[in-house]
Amino acid sequence: MRILTLIYEFPPIGGGGGRAAYDICKGLVERGHKATVLTAHMQGLPFKEYKDGICIVRISSLRHEVFGASFITMLAYVLAGLWAGLRLIFLDRPDIIHTHFAVPSGALAWTLSIFTGIPYILTAHLGDVPGGVPEKTGTWFRWLEPFTKPIWRHAKKVIAVSEFTRQLALQHYPVDILVIPNGADVKHLVPTEIKLNSPPHLVFAGRFVHQKNPIAIVQILSQLIDLNWRCSMLGDGPMFDDVKYEIEKAGLCERFDLPGWVTPEDVLDRFSKSDILFMPSFSEGLPVVGVQALAKGLAIVASRIGGFLDLVEENKNGYLVELQDVSAFSRVLREIISNPKVLLRLREASVEKSYEFDIQKVVDQYQSILQGVLNGN
């Protein structure tokens, strides 16, 4: 198959959705298929390159930030993508289009499909479902939602990355939706041996935005200053300075490491040196960093929301805590940090859990769906 993947953010820019798309494309290429990605350009990146067999084509979209995209940059991607997409289709003759995110990439897929007759499938992540990340997209969807319905309706197949994302989408789009979780290259990520760090090392990875609730990490850990621990917060965003201020105010500068935005490879390296993934988010689809944390053997302490329900088995490989329950988060972390036997047990269970999200299983499902669409199923 020749597959054209449309996504407005793709590594090294963007978040977990781009990483998920990358892993799927890489897996399809390894199976002998041709994968071309049409994504947004940012200064410092080549307009065209090949990586792991994937042909990556980047188009100008006014994007200036690695960690975020405004409505204007998303619109620019769609407009620039019309000409670039038609040109790619004329030159490469793809059999099918795979779009990640109904907004904005889905709008481009729908339009190109109308012009060329090439079918498309849609993978929905939490951020492009109404209500998924209300503080980020709530205003947009108040007037944009009616225009998104044809994108979902005309897709040959619709996939959601978690059951939570699927249920939320069904409230707005009455179409058949499958669930295929984000995956990770478990085979190459799993450590040969779990070794606890001394002191225990916590890690957060993601955008510094309201959805991820990064300030709560500082507030919760400030209640555990009597214990010995360290914490790395990987990422950047509009709340970075606020987090830094909270750390300074709590007198915890020596406990925290804030390296800023790091590459996906750096994230994995940091995970290899950590013990606990700490994510008190307000909302999540199925975070790729969560799957990677499982494979790296990290215990997970997270909010009882979204895709974390799929990643965490209570008191087996981690704990889920009700939203904004600071005392409960503190209590759980105190138990884990102060009890090496418990921490080791949780970490070993995460490795076992990770095999459910092996990228090879994920790619198998996508390959079957793509082939089925081409066969008229």
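Residues numbered from 1 in each chain as written. Predicted model: local features only at pLDDT ≥ 70, side-chain atom pairs only at ≥ 80, totals over all residues. Heavy atoms only, no water.

1. Thoughts on the sheet that holds strand E9 (residues 201-205)
Line of reasoning, step 1. Read across the open sheet, the six strands follow the order E11-E10-E9-E12-E13-E14; overall the sheet is parallel. Where the open sheet ends on each side, the last strands, each with one partner, are strand E11 (256-260) and strand E14 (318-321). Between one strand axis and the next, the sheet turns through 20 degrees on average, direction left out of account.
Line of reasoning, step 2. Of the pairings in the sheet, the one linking strand E10 (residues 230-234) to E11 comprises three bridges and is parallel in character. Along E11, the bridge assignment pairs Cys 231 with Phe 256.
Line of reasoning, step 3. Its contacts with the sheet put helix H7 (residues 214-221) on E9, E10, E11 and strand E12 (276-279), and the angle it makes with E10 is roughly 175 degrees.
Line of reasoning, step 4. Here helix H10 (residues 288-295) sits on the sheet and contacts E9, E12 and strand E13 (299-303); the angle it forms with E12, its principal contact strand, is near 160 degrees. (Pairing = 2+ DSSP bridges. Helix = DSSP H or I, 4+ residues; strand = E, 2+ residues; numbered from the N terminus. Axes fitted to C-alpha atoms, helices over the stretch in contact; angles between N-to-C directions. Contact = heavy atoms within 4.5 Å.)

2. What about empty space enclosed by the protein?
Line of reasoning, step 1. One pass over the full model with this rule turns up one cavity of 30 Å³ or more.
Line of reasoning, step 2. Lining the largest cavity we find Arg 2, Ile 3, Leu 4, Lys 34, Thr 36, Leu 88, Ile 89, Asp 92 and Pro 94.
Line of reasoning, step 3. Elements that contribute at least two residues to the lining of the largest cavity include exactly strand E1 (2-6), strand E2 (34-40) and helix H2 (71-92).
Line of reasoning, step 4. Residues belonging to the lining of the largest cavity are distributed by class as follows: five nonpolar, one polar and three charged. (1 Å grid on protein atoms, 1.4 Å probe; cavity = no way out; pocket = protein on both sides within 12 Å on 5 of 7 lines; lining within 4 Å. Points joined across faces, edges and corners; volume = space filled by probe spheres on them. Nonpolar A, V, L, I, M, F, W, Y, C, P; charged D, E, K, R; others polar.)

3. Some points on the packing of H7 against helix H8 (residues 240-249)
Line of reasoning, step 1. Interaxial distance between H7 and H8 falls to 9 Å at its minimum, and their mutual angle equals 10 degrees. Between H7 and H8, the angle falls in the class roughly parallel. Contacts between H7 and H8 involve Pro 214, Ile 215, Val 218 and Gln 219 from the former and Asp 242, Val 243, Glu 246 and Ile 247 from the latter. (Parallel < 35°, antiparallel > 145°, perpendicular 65-115°, else oblique.)

4. Overview of the packing of aromatic side chains
Line of reasoning, step 1. Scanning all chains against the criterion turns up seven aromatic pairs.
Line of reasoning, step 2. For the ring pair Tyr 8 and Phe 101, a centre distance of 5.4 Å and an interplane angle of 70 degrees mean the geometry is edge-to-face. Pair noted here: Tyr 8 is in the loop between E1 and helix H1 (16-30) and Phe 101 is in the loop between strand E5 (96-100) and helix H3 (102-116), with a separation of 93 residues, a long-range link.
Line of reasoning, step 3. Overall, the relative accessible area of 5% leaves Tyr 8 in the buried class.
Line of reasoning, step 4. One aromatic cluster is present, built from ring pairs that chain together Phe 204, Phe 208 and Phe 240.
Line of reasoning, step 5. For Arg 255, the ring lying beneath its charged end belongs to Trp 229, and the centroid distance is 4.6 Å. (Phe/Tyr/Trp six-rings, centres within 6.5 Å; stacked < 30°, edge-to-face > 60°. Buried < 20%, exposed > 50% of the residue type's maximum accessible area, 1.4 Å probe, protein only. Lys NZ or Arg CZ within 6 Å of the ring centre and 35° of its normal.)

5. Observations regarding unusual backbone geometry
Line of reasoning, step 1. For the peptide bond that leads from Pro 11 to Pro 12, omega is 15 degrees, which places it in the cis range.
Line of reasoning, step 2. Here Pro 12 is to be found in the loop between E1 and H1.
Line of reasoning, step 3. Geometrically, the link from Val 103 to Pro 104 is a cis peptide bond, its omega value of 0 degrees lying close to zero.
Line of reasoning, step 4. Within the secondary structure, Pro 104 is located in helix H3.
Line of reasoning, step 5. Of note, Asp 52 is a non-glycine position whose phi angle comes to about 50 degrees, a positive value.
Line of reasoning, step 6. Here Asp 52 shows up in the loop between strand E3 (48-51) and strand E4 (54-59).
Line of reasoning, step 7. Looking at Asp 52, the relative accessible area reads 41%, which means it is partly exposed.
Line of reasoning, step 8. One non-glycine residue, Arg 93, lies in the positive phi region at around 50 degrees.
Line of reasoning, step 9. Looking at the element boundaries, Arg 93 is found in the loop between H2 and E5.
Line of reasoning, step 10. Residue Arg 93 is classed as partly exposed on the basis of its relative accessible area, which comes to 49%.

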